[in-house]
Amino acid sequence: MTGQPNTAQDADGTTPLQRGLARAKDEGRAALIGYLPAGFPDLASSIEVVRAMVAGGCDVVEVGLPYSDPTMDGPTIQRAADRALAAGTTPADVLRVVEAVAEAGAAALVMSYWNPIDRYGTARFAADLASAGGSGAITPDLLPEEAGEWMEATDAHGLDRIFLVAPSSTDERLRLTTGASRGFVYAASLMGVTGTRAAVASTAEKLVVRTRQAIGDSGLPVCVGLGISSGEQAAEVAGYADGVIVGAGFCQRVLDAADLGAATAAVGAFAEELAEGARAGRR
Amino acid sequence: MTTETTGPAATGGAPGHFGRYGGRFSPEALVAALDEVARAWEKAREDKDFQEELDGLLRDYTGRPSPLTDAPRFAEHCGGARILLKREDLNHTGSHKINNVLGQALLTRRMGKTRVIAETGAGQHGVATATACALLGLECVVYMGEEDTRRQALNVARMRMLGAEVVPVTIGSRTLKDAVNEAFRDWVANVDHTHYLLGTVAGPHPFPTMVRDLHYIIGREAREQVLERTGRLPDAVSACVGGGSNAIGAFAAFIGDPGVRLYGFEAGGDGVATGRHAASITGGSPGVFQGTRTYVLQDEHGQTVPSHSISAGLDYPAVGPEHAHLADTGRAEYRAVTDADAMEAFRLLCRTEGIIPAIESAHALAGAREIGRELGPEATVLVNLSGRGDKDMGTAAAYFGLMDDEGEQE
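Per chain, the residues get numbers from 1 upward, laid out in the order the sequence is written. Written order decides the labels, with chains lettered from A and ligands numbered from 1. Totals for whole chains, interfaces and linings use every residue, but because this is a predicted model, local features are given only for residues with pLDDT of at least 70 and side-chain atom pairs only at 80 or more, for both listing and counting.

## A few points about the overall build of chain A
Item 1. Only DSSP runs of H or I reaching four residues or more are called helices, and only runs of E reaching two or more are called strands; each is numbered from the N terminus. Counting secondary structure elements, chain A contains 12 helices and nine strands.
Item 2. Scaling as 2.2 N^0.38, a compact globule of 283 residues should have a C-alpha radius of gyration of about 19 Å, and chain A matches this with 17 Å.
Item 3. Each principal axis of the C-alpha distribution contributes one length, and for chain A these read about 45 × 45 × 35 Å.
Item 4. Each residue is classified by how many other C-beta atoms fall within 10 Å of its C-beta atom, where C-beta atoms are placed from the backbone; a count of 20 or more means buried, 12 or fewer means exposed, and values in between mean partly exposed. For chain A, with 283 residues in total, the buried portion stands at 63%.
Item 5. Contacts here follow a simple rule: the backbone-placed C-beta atoms of the two residues must lie within 7 Å. By sequence separation, contacts in chain A at least 24 residues apart represent 76% of the contacts at least 6 residues apart. When we talk radius of gyration, it's over C-alpha atoms, and the globule rule is simply 2.2 Å times the number of residues to the 0.38.

Now the structure itself:
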């Protein structure tokens, strides 16, 4: 131990997430970001599934910390989180899956409602996440106004912190939220909960444009999530965003699969379809 | 600053914060709507026309002011302390809930919204919301855990009779907290024309403050009534605490009176030590739940632990953030009352005063027996009788074995 806090950043001061997004940009494509709750359907299987996501082309995996009261999730992710909780998934398991993602060569983020992190201890969580090879976390019910401790902890450990913007965000809030974010800012494409949709919301592109205006020239990437569940939709979003975020589509494939082999095959193929979309749609 | 009907400033901290509690832990997508409600409420509470309309409804529709009733025969079981009951049970729809609902329903109309959603556990808040929506011609959707729709079938029928759509929630533990989650999910998708009429002093800012303001009338009336009746302030105020809206309404008028002790009685269920209870302050720990920082029933990993109480209205695994602050500062004291003690107080009030209380309110009555004995016969204890017990007859009949074919009683 050097006495210095452990950090998620490399010697050059960047996280795996930042490098992954930069690489996608250099390659003239949008990054593909997939979501899966840790422990869904059980810990060992979830590790196999995230490996399939990475092998299929996910640049980044958001590892979900399953929570008993997922206010912002629709039925698919609720069911996935319920299964993970029923399997006894703990924050330590979440960090195991983060390690697996990092070992598979992708950037790992944690996606969590705030209470489990608060309970774990904000500073301790940041330290353990950095040690596990995580790049940072997405915190969908933590607003920058309430994030004082989280800002300190993520700074101390060089972690990215991803806040959300929504179509209803005012310009003032877009500036506040993008100013607080590091790694990227998560643009929620529509007013609603997670889940697959037949079409990409018409609100998405306008939000990305407004968000970029708020960001100015800092270069913070803008990634779009909520309701994206096909290669075609990924291509559409890749036409204007830096990253495409897909969650419920992966969870649904695992829910529908007869066994783990079928799940990893379906998830891998889906990731390939999305990755192709993310390449095709780029300007 | 403050108006006739609505209350004092928050008890500490930045807007929406109560010391280290409260605040706003919600999706960014809802911030604009929460800000809109906060602004609309700030304007409405200072607006003479709004206040006159609300005061008129509270008087002519709800039946306010609610009476203050001496309970001398019940007081014999409270160490001889004088017991005064604030009769929120006599309000239209049978509980204090209507105070908040009428205010927020008027606010909904003022914001130009046409649809109201609400959560309900026992059904009292849902019935009050359906009532106000019928009165004002607003579309009404009430989310209710599937378990609760079965336990409270009569209230489901009431809401439907009043024109509300009742949606059974079939996910999670299928109780009140899951109904709140589902209402938030609806709100974020329909926020342009929908107001979420939250039923207690929980949730993200501005709900804890706005709902408190709308129930302040309980304490304000009671304070005047007690002064007029006894010539002095009460020694103690007793109220039941689930989310804590009736309690905060009763407490708010006395917080500035250091001589008045404030007691909140939580649902102790089978006893806090058994783990089967709903006593968030007594048996929980600080955390973030459904939009606010407060005391929560949670496990070591921050997962919500299911609550338990014989009273559906107190069966919630958290508490309003202002109560959390009042507990930490010591201004109010919170204790747990078991199902058994609450039911004994329930029976006692029926037999001694001819008043059937809500089982929720019976927790405040059981608490009054305890503090009456502690404070002695010179003391005056104000009890907020937050609701009536008609809705609880099924539970009481089963508990006491009142049906003829159920044999010997107790």
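Anyway, onward from the coordinates.
## Digging into the sheet that holds strand S9 (residues 243-246) of chain A
All names here are of chain A.
Item 1. The pairing criterion for strands is at least two bridges between them, as found by DSSP. Ordered in space as S5-S4-S3-S2-S1-S9-S8-S7-S6, the nine strands form an open sheet in which the pairing is parallel. The open sheet terminates on both sides in strands that have one partner only, identified here as strand S5 (160-162) and strand S6 (164-165).
Item 2. Note: strand S3 (residues 107-111) against strand S4 (residues 136-138), three bridges, orientation parallel. Within S4, the residue paired with Val110 across the bridge is Ala137.
Item 3. An axis is simply a line fitted to the C-alpha atoms; with a helix, the fit covers only the stretch in contact. Between two such axes, the angle follows the N-to-C directions and lies from 0 to 180 degrees. Across the sheet, helix H1 (residues 16-26) is in contact with strand S1 (31-37), strand S2 (60-64), S3, S4, S5 and S9; its angle to S3 comes to roughly 120°.

## Comments concerning the sheet that holds strand S7 (residues 165-169) of chain B
All names here are of chain B.
Item 1. Pairing is parallel across the open sheet formed by four strands, whose spatial order is S7-S6-S5-S8. Two strands lie at the open edges of the sheet, namely S7 and strand S8 (194-196), each paired on one side alone. On average, each strand axis in the sheet is tilted by 25° relative to the strand beside it, whichever way the strands run.
Item 2. Of the strand pairs in this sheet, strand S5 (residues 115-120) and strand S6 (residues 139-145) are connected by six bridges, and their pairing is parallel. The residue bridging Ala118 from the neighbouring strand is Val142, located in S6.

## A closer look at the UniProt feature "modified residue: N6-(pyridoxal phosphate)lysine" (unreviewed entry) in chain B
Residues and elements named next belong to chain B.
Item 1. UniProt positions are given in the numbering used here, feature names are shortened, and annotations may be inferred rather than shown by experiment. Cross-referencing UniProt, the feature "modified residue: N6-(pyridoxal phosphate)lysine" (unreviewed entry) maps to Lys97 in the present numbering.
Item 2. Relative to the helices and strands, Lys97 is located in helix H4 (residues 97-110).
Item 3. Among all residues touching Lys97, those that are not within four sequence positions of it are Gln124, His125, Ala128 and Gly199.

## A word on the UniProt feature "active site" (unreviewed entry) in chain A
Residue and element names in this part refer to chain A.
Item 1. Mapped onto this numbering, the UniProt entry annotates "active site" (unreviewed entry) at Glu62 and Asp73.
Item 2. Structurally, Glu62 can be placed in strand S2.
Item 3. What makes Glu62 buried here is the crowd of 26 C-beta atoms within 10 Å.
Item 4. Contacts of Glu62, omitting those with residues within four sequence positions, involve Ile33, Tyr35, Leu109, Met111 and Ile138.
Item 5. Along the chain, Asp73 falls in the loop between S2 and helix H3 (75-86).
Item 6. Those residues in contact with Asp73, other than ones at most four positions away along the chain, are Gln78, Ala81, Val193 and Thr194.

## Some details on the packing of helix H6 (residues 122-131) of chain A against helix H7 (residues 148-156) of chain A
All names here are of chain A.
Item 1. The contact between H6 and H7 brings their axes to 9 Å, and the two run at 30°. Comparing the axis directions of H6 and H7 gives the class roughly parallel. In this structure, H6 crosses over H7, and the sense of that crossing is right-handed. On H7, the residues touching Thr122, Ala123 and Ala126 of H6 are Glu149, Trp150, Ala153, Thr154 and Ala156.
Item 2. Looking at side-chain class alone, the contact of H6 with H7 contains five nonpolar, two polar and one charged residues. Every angle not falling under 35 degrees, over 145, or within 65 to 115 is termed oblique; those three ranges are roughly parallel, roughly antiparallel and roughly perpendicular. Two helices cross in a left-handed way if the nearer one is turned anticlockwise from the farther one by less than a right angle. They cross in a right-handed way if the turn is clockwise. When residues are grouped by polarity, Ala, Val, Leu, Ile, Met, Phe, Trp, Tyr, Cys and Pro land in nonpolar, Asp, Glu, Lys and Arg in charged, and all others, Gly among them, in polar.

## Focus: the interface of chain A and chain B
Item 1. Contact with chain A, which involves 33 residues of that partner, is made by 26 residues of chain B.
Item 2. Those elements that place two or more of their residues in the side of chain A that touches chain B are H3, helix H5 (114-120), S6 and helix H8 (171-180) of chain A.
Item 3. Sorting elements by how many residues they give to the side of chain A that touches chain B places H5(A) first, with six residues.
Item 4. Class assignment for the residues of the side of chain A that touches chain B results in 16 nonpolar, 10 polar and seven charged.

## Here we look at the environment of B:Glu42
Item 1. Here B:Glu42 shows up in helix H1 (residues 28-45).
Item 2. Counting along the chain gives 164 residues from B:Glu42 to B:Pro206, while the straight-line C-alpha distance between them is 9.7 Å.

## Focus on the domain arrangement of chain B
Residues and elements named next belong to chain B.
Item 1. Here the bounds of each domain stem from an automatic or database domain assignment. Taken domain by domain, chain B comprises domain 1 (17-61 + 97-207) and domain 2 (65-94 + 216-401).
Item 2. A separation of 23 Å is found between the C-alpha centroids of domain 1 and domain 2.
Item 3. Across the contact, 36 residues belong to domain 1 and 33 residues belong to domain 2.

## Comments concerning unusual backbone geometry
Item 1. The residue after A:Phe40, namely A:Pro41, is reached through a cis peptide bond having omega 0°.
Item 2. Counting through the fold element by element, A:Pro41 comes out in the loop between S1 and helix H2 (43-56).
Item 3. Residue B:Pro206 is reached from B:His205 by a cis peptide bond, and omega for that bond is 15°.
Item 4. If you check the backbone angles, A:Leu226 has positive phi at about 90° while not being a glycine.

## A short note on the packing of H2(A) against helix H12 (residues 260-280) of chain A
Residues and elements named next belong to chain A.
Item 1. As a packed pair, H2 and H12 sit with axes 7 Å apart at the nearest point and diverge in direction by 30°. Classified by the interaxial angle, the pair formed by H2 and H12 is roughly parallel. Every pair of crossing elements has a handedness; the one defined by H2 and H12 is right-handed. Counted together, Ser45, Glu48, Val49, Ala52, Met53, Ala55 and Gly56 of H2 and Leu260, Ala263, Thr264, Val267, Gly268, Ala269, Phe270, Ala271, Glu272 and Ala275 of H12 form the full contact between these two elements.
Item 2. The class makeup of the residues in the contact of H2 with H12 is 11 nonpolar, four polar and two charged.

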